[in-house]
Amino acid sequence: MSTELSGEQAADPALERASAQALDQTSAQAVEGAEQPPAVPVGQWHGRYDRREAEDEPAPAALSRPRLDTEARQLLLELIRPYRRQVIILLIVVIGQVVATMAAPLLIGMAIDHGLPDAIDGNYRTLLQLTAALGTAAALAGLLQAVFLRRTGVVGQAILFDLRRRVFDHTQRLSVSWHERFTSGKVISRLTSDVDTLRELLDSSLDGLLLALLNIVVITVLMLVLDPWLALLALAAMIPLFLLFRWFSARSTVAFRRTRETVALLIVQFVETFNGIRAVQAFRREPRNDAIFEGLNTSYRDANRTVFDLHAIFIPGVTLIGNVATVTVLFVGGYRVAEGGLALGVLTAFLLYLREFYGPMEDVAIFFNSLQSATAALEKLALVLAEQPEVPEAASPVPLPRPTAGEIRFESVEFSYDPTAERPRTVLHALDLCIDSGQTVALVGATGAGKTTIAKLISRFYDPTEGRVRLDGVPLDELSDSDLRGAVVMITQDGFLFSGSVADNIAFGRPAATRAEIEEAARAVGAEEFIRRLPAGFDTDVRKRGGRLSAGQRQLIAFARAFLADPAVLILDEATSSLDIPTERAVQRALRTVLHGRTALIIAHRLSTVEIADRVLVLDAGRVVEDGTPADLIATVDGRYAALHTAWLDSLV
Amino acid sequence: MAAGANDASAPGSHAGAHASVRDLARLWPWLRPYRGYLIFMLVIATLAMVVQSVLPIITAALIDGPIARHDTSGMYPLIGLALLFGVLEAVLFGIRRRAMNISSLAIETDLRRDFYQHLQRLPVSFHDRWPSGQLLSRVTTDLSTLRRFVGFMAVFIVANLAVIVVVLVLLVRLQPMLGLAVIVVMLPLAFATRLYERRYNIEARRAQDLTGDLATGVEESVLGIRVVKSFGRRGQLLRNFTGDASRLREAELSKNRTLATLWTIIGTYPQLVLAGVTCFGVLAVAHGSLSKGDLVAFITLQLRLNWPLMAMGWLIAGTEEAVAASARLFEVLDTASDITDPVEPARLAGPANRPARLQFDHVSFRFADAGADTLHDLELDIAPGETMALVGPTGSGKTVLTSLVSRLHDVTGGAVRIDGVRVGQLSLLELRRTVSTAFEEATLFSASVRENLSLGRPEATDDEIAEAIEIAQAGFVHELPYGLETRVGEQGLSLSGGQRQRLALARAVLGRPRVLVLDDPLSALDVHTEAQVERALRRVLGATTALVVAHRASTVLLADRVALLDGGRITAVGTHSELMASNPAYRNLLSQEVRPDACLDANEARV
């Protein structure tokens, strides 16, 4: 049985998708006309890349895995657990609501059966009592409904809030290497689109579901009491119903997973397009992007179509089973009544109950659908939450000696970005290096020599594959995050700005800084002049990622930010590449003052930046090949640095 | 001229006009192609409802007829009929859902496509202003809200209203006085609904806007992860995010409170009316003005109002969410681009590969919200085939100036001309085919190297690509695992700053444009590579008109002449040696003394 089922699963969705696509194509052609560009298949533009794509795109074997990850269910339970008391209270409230609602027909019946004869006799007491009871029941039901709706909202929103915070905090804890693998678009998709799916589940009428389940339980008991044989006949419908649920569960799991994956791709394309809008427009990429987006949009639609079409079989299937079961009961029951084996009243009651039994079953089915959808999303979120930071924070951190001297020591450090690969590409080989406190060291070397890797190891974006990096004698992985980040700051070339004012962005270096300190930092790096010229000075909104500021201006703000942070170790990775010469000089002059008593590591192609270093390290293929003061190295005959220096002098004209 | 996009309200400042159902009606152009489906769905839904109400009638006939008569053989035809209708109901149900799937998904997909295409054509100034999270939430959350409304709710609203009207009519026909009384008593319900509906509309809008803000926060935290890590500001970002999430939660909760009240009123009020009807009905029967059978029929009929009324509460909420989603969508779709094709585009004369003349004719530029011009009355004339270097201190407006050539921004005064034709008179396609730009920030997309190089020119030949790679000294791409087919960008292989910059340069020189604009194209290169690129670049520059933003003397030397930009004006034009000799400001900008102490002196002299 089970093999048969899984065999079906393998063959069928593909077939269904293919036919759905064929159908869609014809309809699309009919309505869209020729003006739309043809969709470009992903394979044509996306290029090839083999890297392990951070667990997100499951292997083909996993794709056909029908059962939902237990992790997803576990996550859902974990999320609900803190609110289990409220959930129980809600259950009680909803039972009260059901009872109050169900009392109405009973009371109306009594009003007609008992109130009416009394009223004819001129006695209105019974009628008035019953009317009052009816009114009270209605009011009570309403009150309980209001309580239920409000409280489910509160609990639901609390769960969503917890989930959002948890995923956000977790992604922020994960290492840079994870982010580089997983990519920003997918993180955004997890935190927006996937969480939204859970919101839809919580928004879907939970009271409807609870009511339905209660109804089903109560009616099952009533039917069994009324006539066990007829009841068993009615309940026999549960078997095909169960099979239908199982079929839907298996199919929809795969299909919902696909919608999560296609929407992520769509979001990635969307985010990339509009973050790179200058290049898109200047190079007339719009039509090409239209075509690419059309392809992604269509595959998202197709994924949704598969889900919805399953749904279009599942829900009517429930109706069908209910209807057939009712007719069967009608037939068998009717036969027995005709034969005289069953009272007509019992049959009538049965039929009325069955309506109440199968009607809510559709609500259960609809809820089940939302649950499947949310579980597919939760599965993705659970995978993110299961990721362990590759550079974990020390469990029992060693305090950094104060004041921090800033001495850095590499002890036979080996590093590879892909240590688990078959042939790992080793970037650093057994590097031993000591940078004295207060020293300014320049790293020089060709692309791929390992300069940035050294910077990333000191700022602990990565941990070494072998060996250790120590700050003031303490291994970096034994420091607390706040000690490390307080002591080591790295500024990179791109100078990322957050939305907010210029002052906010500088204050990112030290949130507690006063306005005067912020302005002082800007003055120190020579950024004050241009900031004052902005429309609102320091309060100017930098807009989306500093869209209005030039690269040089952004670098200056990033610089001011780092100065304000006041770290013991400052790393500059091409941090002045876009500055004009006088500004760069101003920065260097500031550096001479600021770097006094600090350790600094400077990576720059411009040897002008290197001039202020006490010491130069020339790197080649992950090894230090020259080490000395700039003057000494320039004087070295046939030295690499000497050659670079000569080339640089030539470039100055 | 700078109206349109620049004047559109910034996102989030939505306190303005109250969105109404009119916003939904504006979706009609997207619904139109599928109107057949929509009508079909309505018909099927009605049919299903008829079938649904026939089933109990058959049951009643069966019980009152053959079963009551103990006539077992007489049961078969009616049982068969009941079975038929039971199956029919499910089938109709399935068909309607299927039609709904096709049409609602197609409408959603079309809207998403049009939204994306429209956004791509909005000017850079729009994108600088709008956080991308706000755009993203529109293209995902809001569009699925609309899809649900179109596919599901719209049909049900019609069907439900029909049921309510029919039941009310039947009530009046059954018992005119009682029926009319019920209608009158029900009227306050309509008022209450209207009241809460408005409130819900505003709250729904707020929640959707906050969803966008949350997405923006997420995006920044992810894109800026290195800065966050480097400064150890995880706590600060979590606090910000928690703030956003709390605001969203509050907004959702106030939505929820409104909805809870509305649903409770809609659910409870008819029950209270029912209690009244029962009381007065029984009294009427007692007084002989109403038959017992009529009362039972009346109450049974009125009970049938319960479900459609309850459903209306839910449908109203969905409609208001759709209204808000639609308003949010049109906010963007209504923003007209102020950088558009001219009605009658002019054409550039001459062969496509001949260098063109580039003139800045009294050009001024001012950002929409700025109080002063960034560029003012700027004059610059670059002869065909000439290379002009543009030099100026950080923040002097060099980058803005370069963006005016390909109309990423439009001038606010004067004109940029190519071969004497104002750039605004050319079609954007022709303009951007003529002008090619390498930005200081080398944006790479998650696509193959080939795709990244050809960007807007999928027709570029292999030879052209090979030539561009050679000029930009980007031969490293051949060493990548799959050569030109290797995926780079965020989702692919990560490249160093220098490699990215060389790809951006190759992209710009691909196909030998008539006008080349390079914004500090060599800043991330090491001295050695820089020299190689310069050598190769000279060949290209000889055959094209170029404007090159430069910070270093080595780059300046690629140019025939240099223009000094200071305070938004061109203050001097000449050759490098002329300016070095005659212009102290220029000398200060470009002279790079080797001795650091001399640097300090020079700096002090300037300050």
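As the structure is a computational prediction, the values presented were derived from the model and not from experiment.

The rules we used
- Residues numbered from 1 in each chain as written.
- Chains lettered and ligands numbered in written order.
- Predicted model: local features only at pLDDT ≥ 70, side-chain atom pairs only at ≥ 80, totals over all residues.
- Helix = DSSP H or I, 4+ residues; strand = E, 2+ residues; numbered from the N terminus.
- Rg over C-alpha atoms; globule rule 2.2 N^0.38 Å.
- Buried ≥ 20, exposed ≤ 12 C-beta atoms within 10 Å, placed from the backbone.
- Contact = placed C-beta atoms within 7 Å.
- Core = buried A, V, L, I, M, F, W, Y, C linked by C-beta atoms within 7 Å.
- Nonpolar A, V, L, I, M, F, W, Y, C, P; charged D, E, K, R; others polar.
- Domains from an automatic or database assignment.
- Axes fitted to C-alpha atoms, helices over the stretch in contact; angles between N-to-C directions.
- Parallel < 35°, antiparallel > 145°, perpendicular 65-115°, else oblique.
- Left-handed = near helix turned anticlockwise from the far one by under 90°.
- Pairing = 2+ DSSP bridges.
- Arc of directions from axis to C-beta.
- pLDDT = per-residue confidence, 0-100.
- Right-handed = clockwise from strand over helix to strand, strands pointing away.
- Expected span 1.5 Å × (residues − 1).

## Re the overall build of chain B
When helices and strands are counted, chain B shows 21 helices and 10 strands. In terms of overall size, chain B is more extended than a compact globule, its C-alpha atoms giving a radius of gyration of 35 Å where 607 residues would be expected to give roughly 25 Å. For chain B, the spread of C-alpha atoms along the principal axes amounts to about 115 × 55 × 50 Å. Within the span of chain B, comprising 607 residues, buried residues form 51% of the whole. Taking as baseline every contact in chain B between residues at least 6 positions apart, the subset at least 24 positions apart corresponds to 79%.

## Notes on the overall build of chain A
Scanning chain A for helices and strands turns up 24 helices and 10 strands. The buried share among the 653 residues of chain A stands at 51%. Excluding contacts between residues fewer than 6 apart, the proportion of contacts in chain A whose partners are at least 24 apart in sequence is 79%.

## Considerations on the nonpolar core
Counting residues in hydrophobic clusters, the biggest one holds 355 residues, and the most contacted among them are Ile506, Phe559 and Ala560 of chain A together with Val391 and Ala506 of chain B. The dominant element in this core, judged by the number of residues it contributes, is helix α13 (residues 286-339) of chain A, at 21 residues. Excluding residues within four positions of it along the chain, alanine 560 of chain A makes contact with Ile506, Ala521, Ala522, Val525 and Ala527 of chain A.

## Examining the interface of chain A and chain B
Contacts between the two partners involve 154 residues from chain A and, on the opposite side, 158 residues from chain B. Counting residues per element, the side of chain A that touches chain B draws most heavily on α13 of chain A, which supplies 30 residues. Of the residues contributing to the side of chain A that touches chain B, the split by class is 74 nonpolar, 49 polar and 31 charged.

## Some points on the environment of tyrosine 76 of chain B
Topologically, tyrosine 76 of chain B is positioned in helix α4 (residues 75-120). Taking C-alpha positions, tyrosine 76 of chain B is 9.3 Å from proline 66 of chain B, a pair spaced 10 residues apart along the chain.

## Describing the domain arrangement of chain B
When the domains of chain B are assigned, the result is domain 1 (176-337) and domain 2 (358-606). Computed from C-alpha atoms alone, the centre-to-centre distance between domain 1 of chain B and domain 2 of chain B is 55 Å.

## Looking at the packing of helix α6 (residues 132-174) of chain B against helix α10 (residues 292-303) of chain B
When two helices pack together, you describe them by how their axes are tilted relative to each other and by the distance separating the axes. Residue and element names in this part refer to chain B. Two numbers describe how α6 lies on α10: the axes approach to 10 Å, and their chain directions differ by 165°. Classified by the angle their axes make, α6 and α10 are roughly antiparallel. In this structure, the crossing between α6 and α10 has a hand that is left-handed. Contacts between α6 and α10 involve Val167, Leu170, Leu171 and Leu174 from the first element and Asp294, Ala297, Phe298, Leu301 and Gln302 from the second. Split into classes, the residues belonging to the contact of α6 with α10 amount to 7 nonpolar, 1 polar and 1 charged.

## Some thoughts on the sheet that holds strand β1 (residues 408-416) of chain A
Residues and elements named next belong to chain A. Here 4 strands make up an open sheet; going across it, the order is β2-β1-β4-β5 and the pairing antiparallel. At either end of the open sheet lies a strand with only one pairing partner, and these are β2 (426-435) and β5 (474-475). Two strands pair when backbone bridges link them, and β1 and β2 are joined in this way by 6 bridges, in the antiparallel orientation. Residue phenylalanine 410 lies in a different strand from β2, and its bridge partner there is leucine 433.

## Let's talk about the environment of alanine 322 of chain B
All names here are of chain B. With respect to the element layout, alanine 322 can be found in helix α11 (residues 306-333). Between the alpha carbons of alanine 322 and serine 144 there is a distance of 9.3 Å; along the sequence they are 178 residues apart. Ignoring any residue separated from it by four or fewer positions in sequence, one finds alanine 322 in contact with Leu24, Thr145, Leu146 and Phe149.

## Some remarks on helix α15 (residues 462-471) of chain B
All names here are of chain B. If you check which residues of α15 are buried, you get Ile465, Ala468, Ile469 and Ile471. Projected down its long axis, α15 shows its buried positions confined to an angular sector of 165°, all on one face. Opposite the buried face of α15, at more than 90 degrees from it, the exposed residues are Asp462 and Asp463. Elements that come into contact with the buried residues of α15 comprise α14 (449-454), α16 (497-509) and α17 (527-542). Phi for glutamine 473, located one or two positions after α15, is positive at around 55°.

## Some words on the confidence of the model for chain B
Low-pLDDT portions of the prediction should not be read for the details of their coordinates. Residue and element names in this part refer to chain B. Mean pLDDT over chain B: 85, with 94% of residues reaching 70 or higher. Low pLDDT (under 50) marks residues 12-16, which in the prediction has 5 contacts with non-local residues, meaning those over four places away or in another chain. As a predicted assembly, this complex carries a pTM of 0.86 together with an ipTM value of 0.87.

## Here we look at the sheet that holds strand β3 (residues 387-391) of chain B
Residues and elements named next belong to chain B. Pairing within the open sheet is mixed, and its 6 strands lie in the order β6-β7-β8-β3-β9-β10. In the strand order of this sheet, the two ends are held by β6 (435-438) and β10 (569-574), each with one partner. Neighbouring strand axes in the sheet, compared pairwise and without regard to direction, differ in orientation by 20° on average. In terms of strand pairing, strand β9 (residues 561-566) meets β10 through 5 bridges, oriented antiparallel. Residue pairing in the sheet places valine 562 in a bridge with glycine 574 of β10.

## Considerations on the packing of helix α10 (residues 228-236) of chain A against α13 of chain A
Residue and element names in this part refer to chain A. Direction vectors running N to C along α10 and α13 enclose 155°, while the axes themselves pass 9 Å from each other. By the angle between their axes, α10 is roughly antiparallel relative to α13. For the pair α10 and α13, the sense of crossing is right-handed. Only Ala325, Thr328, Val329, Val332 and Gly333 of α13 make contact with α10, whose side of the interface consists of Leu230, Leu233 and Ala234. Looking at the contact of α10 with α13 residue by residue, the classes come out as 6 nonpolar, 2 polar and no charged.

## Thoughts on the confidence of the model for chain A
Residues and elements named next belong to chain A. In this model, chain A carries a mean pLDDT of 82, and residues with pLDDT of at least 70 account for 89%. Contacts of residues 1-34 to residues separated by more than four positions or lying in other chains number 21 contacts, the stretch itself having pLDDT below 50. A low-confidence stretch, residues 52-66 (pLDDT under 50), is modelled with 17 contacts involving residues beyond four sequence positions or located in other chains.

## Let's talk about the pairing of strand β7 (residues 515-519) of chain B
All names here are of chain B. Among the 5 residues of β7, 5 are classified as buried, and the element is accordingly described as predominantly covered. Relative to β7, β6 runs parallel, the two sharing 4 bridges. Bridge pairing in β7 links valine 435 to valine 515. Alignment of β7 against strand β8 (residues 545-549), held across 5 bridges, turns out to be parallel. When the bridges of β8 are listed, leucine 518 appears paired with valine 548. Assessed by its sense of winding, the connection that carries the chain from β7 through α17 to β8 is right-handed.

## Description of unusual backbone geometry
With an omega of -5°, the peptide bond between arginine 402 of chain A and proline 403 of chain A qualifies as cis. Relative to the assigned elements, proline 403 of chain A resides in the loop between α14 (344-386) and β1. With a phi close to 50°, aspartate 472 of chain A is a non-glycine residue in the positive phi region. By secondary structure assignment, the location of aspartate 472 of chain A is in the loop between β4 (466-471) and β5. C-beta crowding within 10 Å serves as the criterion here: with 20 such atoms nearby, aspartate 472 of chain A is assigned to the buried category. The phi dihedral of aspartate 419 of chain B is positive, around 50°, even though this residue is not glycine.

## Details of α10 of chain B
Residue and element names in this part refer to chain B. In this model, α10 (12 residues) spans 17 Å end to end at C-alpha, consistent with the 16 Å of a helix rising 1.5 Å per residue. By the burial criterion, the buried members of α10 are Leu295, Phe298 and Gln302. Projected down its long axis, α10 shows its buried positions confined to an angular sector of 65°, all on one face. Across from the buried face of α10, at angles greater than 90 degrees, the exposed residues are Gly293 and Thr300.

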